[in-house]
Amino acid sequence: TQGYSSAASDVYKRQLIYDIDATCGLSGRDIEFTDEKVIGSIDAPEINPDSKIIFATSDSMLPLIASGDRVVIRKIESWDYFNYGQVYLIITNEYRLIKRVRRHPKDADNLILLRSENPDYDDIDLPKREIIHLFIVENILSIKNIL
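Owing to the predicted nature of the structure, the values given are computational and were not obtained by experimental measurement.

Visitor: Go over the overall build of the chain with me, naming the residues and quoting the values.
Guide: Broken down by element type, the chain carries 1 helix and 9 strands. Considering the chain as a whole, with its 147 residues, one finds that 42% of them fall into the buried category. A sequence separation of at least 24 residues applies to 62% of the contacts in the chain between residues at least 6 apart. Accessible area for the chain stands at about 8300 Å²; split by element, carbon and sulfur atoms hold 45% of it.

Set out below in structure tokens:
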């Protein structure tokens, strides 16, 4: 297996898919990638083997991410590797949400601006100190049922 070692990785190959949702709106809770939450895997050369795959819910990131899409995320360990303008999964004590992260126009040292793609949603000012975990969204997987 590549990048992980668990009972699930013995059954599934490549990137694991977890039964974990990340709300494109506001929803509080931490995130745990445990074997009992693995529901499948995918083997695609475009997907980083160190990434995790979870479900997106809500419509705040439409048209980029639809509710039910799978998002491929990779944990960011340092702000040195942070890119403003990218889409991230941000986890705080209160929220677990997917947003585009912008530089805050008034206090870029202490705050970030979280922006939805859907114009019906307002921006969120978030103090950087409230971020517990930060994951970059690397890929979006949409499965369309046509029957």
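Visitor: Before we move on, could you go through the pattern of salt bridges and cite the residues and values that matter?
Guide: Under the counting rule described, the total for this entry stands at 3 salt bridges. One salt bridge connects Arg-100 with Glu-117, and the closest N-O pair in it is separated by 2.7 Å. Placement of the pair is Arg-100 in strand S6 (residues 96-103) and Glu-117 in the loop between strand S7 (111-115) and strand S8 (124-127), with a sequence separation of 17 residues.

Visitor: Tell me about the confidence of the model for the chain, and name the residues and values.
Guide: Here the chain shows a mean pLDDT of 84. Residues at 70 or above account for 86%. Taken as a whole, residues 1-5 scores under 50 in pLDDT and shows 10 contacts with residues more than four places along the chain or in a different chain.

Visitor: Describe the nonpolar core, with residues and values.
Guide: Of all hydrophobic cores here, the largest spans 18 residues; its most connected members are Ile-31, Ile-54, Ile-65, Val-71, Ile-73, Leu-89 and Ile-98. Going through the elements one at a time, strand S1 (15-23), strand S3 (52-57), strand S4 (70-75), strand S5 (87-91) and strand S9 (133-141) are the ones with two or more residues in this core. A per-element tally of this core places S1 first, with 4 residues. Each residue touching Ile-31, except ones within four places of it in the same chain, is listed here: Ile-20, Ile-54, Ile-73, Leu-89, Ile-91, Arg-96 and Phe-135. Tyr-88, Leu-97, Leu-126 and Leu-134 belong to the second-largest nonpolar core, a separate cluster that totals 12 residues.

Visitor: Describe the packing of aromatic side chains, naming the residues involved and giving the relevant values.
Guide: Following the criterion strictly, the structure yields 2 aromatic pairs and no others. Between the aromatic rings of Phe-82 and Tyr-84, the centroid separation amounts to 4.8 Å while the plane-to-plane angle is 85 degrees, which identifies the pairing as edge-to-face. A relative accessible area of 26% means that Tyr-84 is categorised as partly exposed. On the basis of an interplanar angle of 20 degrees and a centroid distance of 4.7 Å, the ring pair of Phe-82 and Tyr-88 is categorised as stacked. Summarising the burial analysis for this pair, Phe-82 and Tyr-88 share the class buried. One aromatic cluster is present, built from ring pairs that chain together Phe-82, Tyr-84 and Tyr-88.

Visitor: Go over unusual backbone geometry, please, and point to the residues and values.
Guide: Looking along the chain, the bond that leaves Leu-62 and enters Pro-63 is cis, with omega of 10 degrees. In this fold, Pro-63 is placed in the loop between S3 and S4. A positive phi angle, near 90 degrees, is found at Ser-58, a position not held by glycine.

Visitor: Account for the pairing of S6, naming residues and giving values.
Guide: Direction of pairing for S5 relative to S6: antiparallel, over a ladder of 5 bridges. For Val-87, the partnering residue across the bridge sits in S6 and is Arg-100. Taken together, S5 and the strand that follows it, S6, pair antiparallel across an intervening segment of 4 residues.

Visitor: How would you sum up the environment of Pro-63? Please name residues and give values.
Guide: For Pro-63, a relative accessible area of 76% puts it in the exposed group. Along the chain, Pro-63 and Glu-117 lie 54 residues apart, while their C-alpha atoms are 6.9 Å from each other.

Definitions and cut-offs
Residues numbered from 1 in each chain as written. Predicted model: local features only at pLDDT ≥ 70, side-chain atom pairs only at ≥ 80, totals over all residues. Heavy atoms only, no water. Helix = DSSP H or I, 4+ residues; strand = E, 2+ residues; numbered from the N terminus. Buried < 20%, exposed > 50% of the residue type's maximum accessible area, 1.4 Å probe, protein only. Contact = heavy atoms within 4.5 Å. Areas by Shrake-Rupley, 256 points an atom, 1.4 Å probe, with all protein chains shown as cover. Salt bridge = Lys/Arg side-chain N within 4 Å of Asp/Glu carboxyl O. pLDDT = per-residue confidence, 0-100. Core = buried A, V, L, I, M, F, W, Y, C linked by side-chain atoms within 4.5 Å. Phe/Tyr/Trp six-rings, centres within 6.5 Å; stacked < 30°, edge-to-face > 60°. Pairing = 2+ DSSP bridges.

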